[in-house]
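Chain by chain, the residues:
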Amino acid sequence: MILEAFSQYLQNAAPETPASLVLSAWLWERLRQAPLTPVDKVIHCEVAISMAASNRPATHPRTIRLPADAEIALKAKGSVRRLQDNDLEEVKGEGSAFFFKGTSNSGSRLLNSLYEYSMSYEQHKWSRFVHSVKASDFRLPEP
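Because the structure is a prediction, the values reported are computed rather than measured. Each residue is numbered by its place in its chain's sequence as written, counting from 1. Restriction of local features to residues with pLDDT of at least 70 applies here, the model being predicted, together with a cutoff of 80 or more for giving and counting side-chain atom pairs; totals for whole chains, interfaces and linings are based on all residues. Values reported for side chains reflect all heavy atoms of the structure, with hydrogen atoms and water molecules removed beforehand.

Chemist: Looking at this structure, I do not really get the side chain of Ser118. What am I missing?
Modeler: Numbering of helices and strands runs from the N terminus, with a helix taken as a DSSP run of H or I at least four residues long and a strand as a DSSP run of E at least two residues long. With respect to the element layout, Ser118 can be found in helix α5 (residues 105-132). Note on contacts: a residue pair qualifies if any of its non-hydrogen atoms lie within 4.5 Å across the two residues. In this structure, Ser118 is in contact with Phe6, Ala19, Ser20 and Leu23, ignoring residues within four places of it in sequence.

Here you go:
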């Protein structure tokens, strides 16, 4: 159900946009508005926005950062509240990066599945491109 909703969004996105950016935009759209559909409700329950102290949230390749405009909007607030050792503390948003994080094991698996689906779609686009290329496309012009 969730992959189907993301799939429809991905297919309607501009073909030149990387699938990872489309995923980030889709998650941000789901989280910034009130949940109306079952898909939105699951996303709201299982996915959270987290903040890293540095501009690079993690070295893990599957880290999904928020879209640039979303990060700018969050940083424009001046400070962001985060939960640290069960105490809320004010943290300056400057120099930090925001990314999506699963709120539970199932949320992490959901994000992982969405990421893998977006990468398989990217591979599918590449495969279609490669199959349309002919050897003569690489011939150098004769002087």
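So much for the structure itself; the text now carries on.
Chemist: Sorry, what's going on with the packing of aromatic side chains here?
Modeler: One pair of aromatic rings is described through two measures. These are the centre distance and the angle between the planes. By convention, a stacked pair of Phe, Tyr or Trp rings (six-membered ring in the case of Trp) has centres within 6.5 Å and planes under 30 degrees apart, an edge-to-face pair has planes over 60 apart, and any other such pair is tilted. Applying the stated criterion to the full structure yields two aromatic pairs. Between Phe6 and Trp26, the ring centres sit 5.4 Å apart and the planes meet at 55 degrees, which makes this aromatic pair tilted. A residue pair is termed long-range when its members are at least 10 positions apart, and Phe6 in helix α1 (residues 2-12) and Trp26 in helix α2 (residues 19-32) qualify at 20 residues. Both residues of the pair, Phe6 and Trp26, belong to the buried class. Ring centres 6.1 Å apart and planes at 70 degrees place the aromatic pair Phe6 and Tyr117 in the edge-to-face group. Remark: Tyr117 occurs in helix α5 and Phe6 occurs in helix α1; sequence separation between them is 111 residues. Since its relative accessible area comes to 0%, Phe6 is described here as buried. Only protein chains enter the accessibility calculation, which uses a 1.4 Å probe. A residue is then buried if its area is under 20% of the maximum for its type, exposed if over 50%, and partly exposed in between. Judged by its relative accessible area of 26%, Tyr117 is partly exposed. Taken together, Phe6, Trp26 and Tyr117 form an aromatic cluster joined through their ring pairs.

That is the geometry; function is a separate question.
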